[in-house]
Amino acid sequence: MKSLASDNYAGVLPEIMEAILAANQQHAGSYGHDQITHRVFQSFRQAFGEIADVRFVFNGSGANVLSVSCAVDSFSSILCADISHMYVDESTSPETFTGCRLMPLKTNEDGKITVQSIKERIIRIGDEHHPQPKILSITQPTEYGTVYSLAEIREISGLLKANDMYLHIDGARIFNALVSLNATIKEMITDTGVDIISFGGTKLGMLFGEAVVVMHPDLSKNLKFRHKKSMQLSSKNRFIACQFEALLKNNLWQQYAQHANQMAAYLNEQIKEVSRITVTKPVQANAVFAIMPRDWTKALQEVMPFYVWDERTNEVRLMCSFDTTKDEIDEFVEVMKSLP
Ligand SMILES: Cc1ncc(COP(=O)(O)O)c(C=O)c1O
């Protein structure tokens with residue numbers, strides 16, 4: 001049975017499996033001292049620009065924690081959305097590993113942090129009694145599956161730079177955002193002034209592993225030490241590198257991210273026709289959020305599992321993956337239409 005619960009429920013892309021098998025043919029240097037890792041660094045530099053420095057990590061929480069730790073002192077604060085994965089789904093690891101205060105910002109109805117909400121938090125600068133804001137993390141696409149435009153990212157990064165702060169992107173689903181905006185990696189990330197990004201591959205069909213990509217020399221200065229200290233340096237680093245090599249080669253990511261987004265758009269179209277269900281957020285990447293009758297949940301979850309996002313309103317999250325099919329969506333919607 002396939003699932004709409006999370007793109008993490010999906011398996012591994014065939015091209016990724018092949019890349020792992022190919023990387024498994026010989027012995028190679030450990031801890032990133034191997035040919036595949038060297039080659040992939042070049043691919044990242046081609047995609048992001050020569051400024052980019054890259055490290056591979058085991059998971060998304062590790063990528064986020066390593067990223068923000070590059071920017072802060074232990075008396076800093078880290079601004080993020082109050083719905084962000086970093087704030088609600090990473091236990092206390094960001095605080096534990098950085099020693100900093102996480103400052104949650106209210107988001108607008110699309111789940112985005114606004115310039116106004118950031119300005120309200122850039123206060124008491126120079127006051128030793130107050131945590132000093134040093135980095136802001138936005139999630140692209142947001143936890144609601146909406147996408148910041150390039151102009152919105154540029155505006156946020158401009159405000160942060162003017163206040164001696166850095167911009168981090170939690171890009172667990174960055175490929176879905178890139179195809180949504182029809183933008184290149186360089187256009188969305190480097191050219192908008194992002195300083196550091198958790199660059200996700202797992203949700204698009206890697207077996208495991210994410211990358212931290214740094215675009216600011218201040219943040220890459222001690223990166224290799226922070227990487228090791230955060231316990232995210234894999235001795236068999238090449239097995240993460242080879243997966244990114246497969247995804248970046250000929251922009252393979254585009255085809256799969258496009259498919260996942262198209263499936264979400266299709267699902268959105270189909271459920272619009274169903275009375276008693278209301279889509280609650282603009283569908284801009286691979287997620288559909290909708291409020292449905294509470295007594296539908298169990299029957300529909302038996303067709304394809306999904307998460308109830310907000311128990312108070314029975315808002316649910318329906319997340320499409322690289323291998324979701326139209327037929328599966330049709331079946332799901334048919335059952336929905338048959339419910340009283
Ligand atoms: C927005 C976002 N960031 C980061 C992550 C990474 O989490 P993990 O540490 O489980 O790989 C996830 C996974 O669900 C996510 O949705």
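Calculation rules
Every chain is numbered independently, its residues counted from 1 as its sequence is written. Note on the predicted model: pLDDT of at least 70 is required for a residue's local features to be given, and 80 or more for side-chain atom pairs to be given and counted; whole-chain, interface and lining totals, by contrast, use all residues. Side-chain metrics rest on all non-hydrogen atoms present in the structure, leaving aside hydrogens and water. A pair of strands is treated as paired once DSSP finds two or more bridges between them. Every helix listed is a DSSP run of H or I at least four residues long, and every strand listed is a run of E at least two residues long, numbered separately from the N terminus. Only C-alpha atoms enter the line fits that serve as axes; for helices the fit covers just the stretch in contact. Angles between N-to-C directions range over 0 to 180 degrees. To estimate how far a helix should reach, multiply one less than its number of residues by 1.5 Å. Using a 1.4 Å probe on the protein chains alone, a residue whose accessible area is under 20% of its type maximum counts as buried, one over 50% counts as exposed, and one in between counts as partly exposed. The arc in question is formed by the directions pointing from the helix axis toward the C-beta atoms. Nearness is judged by heavy atoms alone; a residue qualifies as near a molecule or strand once a single heavy atom is within 4 Å of it. Here a polar contact is recorded for every N or O atom pair within 3.5 Å, except that within protein the pair must consist of a potential hydrogen donor and a potential acceptor, and residues adjacent in sequence are included only if both atoms are side-chain atoms. Each accessible area is a Shrake-Rupley result for a 1.4 Å probe, and residues are judged covered by the shown protein chains and nothing else. Just so you know the grouping, Ala, Val, Leu, Ile, Met, Phe, Trp, Tyr, Cys and Pro go in nonpolar, Asp, Glu, Lys and Arg go in charged, and all remaining residues, Gly too, go in polar. Two residues qualify as a contact provided that any one of their heavy atoms is within 4.5 Å of a heavy atom in the partner residue. What counts as a domain boundary in this text is fixed by an automatic or database domain assignment. Summed over both partners, the accessible area (1.4 Å probe) lost when two parts come together is defined as the buried area. Every case where a carboxyl oxygen of Asp or Glu lies within 4 Å of a side-chain nitrogen of Lys or Arg is listed as a salt bridge.

**Describing the sheet that holds strand β1 (residues 53–57)**
Whether parallel or antiparallel, the strands of a sheet pair through hydrogen bonds between backbone atoms. The strand order β1-β7-β6-β5-β4-β2-β3 describes an open sheet built from seven strands, whose pairing is mixed. Here the strands that pair on one side only, and so sit at the sheet edges, are β1 and β3 (101–105). Across the sheet, the mean angle separating the axes of adjacent strands is 20 degrees when strand polarity is ignored. Pairing of strand β4 (residues 132–139) with strand β5 (residues 166–171), which is carried by five bridges, proceeds in the parallel orientation. For Ser-137, the partnering residue across the bridge sits in β5 and is His-168.

**Examining helix α7 (residues 150–162)**
Here α7 is 13 residues long and its end C-alpha atoms lie 18 Å apart, about the 18 Å a rise of 1.5 Å per residue gives. For α7, every residue scored as buried is listed here: Ile-153, Ile-156, Ser-157, Leu-159 and Leu-160. For α7, the buried positions fall inside an angular range of 160 degrees around the axis, keeping them on one side. Among the residues trailing α7, Asp-164 stands out with phi positive, at a value near 55 degrees.

**Notes on the site of the ligand**
By nearness alone, every residue bordering the ligand is listed as Asn-8, Asn-59, Gly-60, Ser-61, His-85, Thr-139, Glu-143, Asp-170, Ala-172, Arg-173 and Lys-203. Contact distances for the ligand include 2.9 Å between an oxygen atom and a backbone N or O atom of Gly-60. Interatomic distance of 2.7 Å between a side-chain N/O atom of Asp-170 and a nitrogen atom of the ligand. Starting from 390 Å² of accessible surface for the ligand in isolation, the protein chains cover 77%. Taken together, the residues that form the shell around the ligand break down as one nonpolar, six polar and four charged.

**Topic: the pairing of strand β11 (residues 315–319)**
Buried residues dominate β11, accounting for five of its five residues. What you see with β11 is no split at all: Glu-315, Arg-317 and Met-319 on one side and Val-316 and Leu-318 on the other are buried throughout. Direction of pairing for strand β9 (residues 287–291) relative to β11: antiparallel, over a ladder of five bridges. Within β11, the residue paired with Ala-290 across the bridge is Val-316. In terms of strand pairing, strand β10 (residues 307–310) meets β11 through three bridges, oriented antiparallel. Considered in β11, the bridge of Asp-310 is made with Glu-315.

**Focus on the environment of Pro-293**
Locating Pro-293 in the fold gives a position in the loop between β9 and α14 (297–303). Linking Pro-293 and Thr-114, residues 179 residues apart in sequence, is a C-alpha distance of 32 Å. Those residues in contact with Pro-293 that sit more than four places away from it in its chain are Arg-276 and Asn-314.

**Regarding the domain arrangement of the protein chain**
Here the protein chain is partitioned into domain 1 (14–251) and domain 2 (252–338). Distance between the C-alpha centres of domain 1 and domain 2: 27 Å. Contacts between the two partners involve 26 residues from domain 1 and, on the opposite side, 20 residues from domain 2. Contact between domain 1 and domain 2 buries roughly 2000 Å² in total, counting both sides, with carbon and sulfur atoms accounting for 59%. Between the two partners, domain 1 and domain 2, sit zero salt bridges. Summed over the shared surface of domain 1 and domain 2, the result is eleven residue pairs in polar contact (both at pLDDT 80 or more). Ranked by residues supplied to the side of domain 1 that touches domain 2, first place goes to helix α8 (residues 174–181) with five residues.

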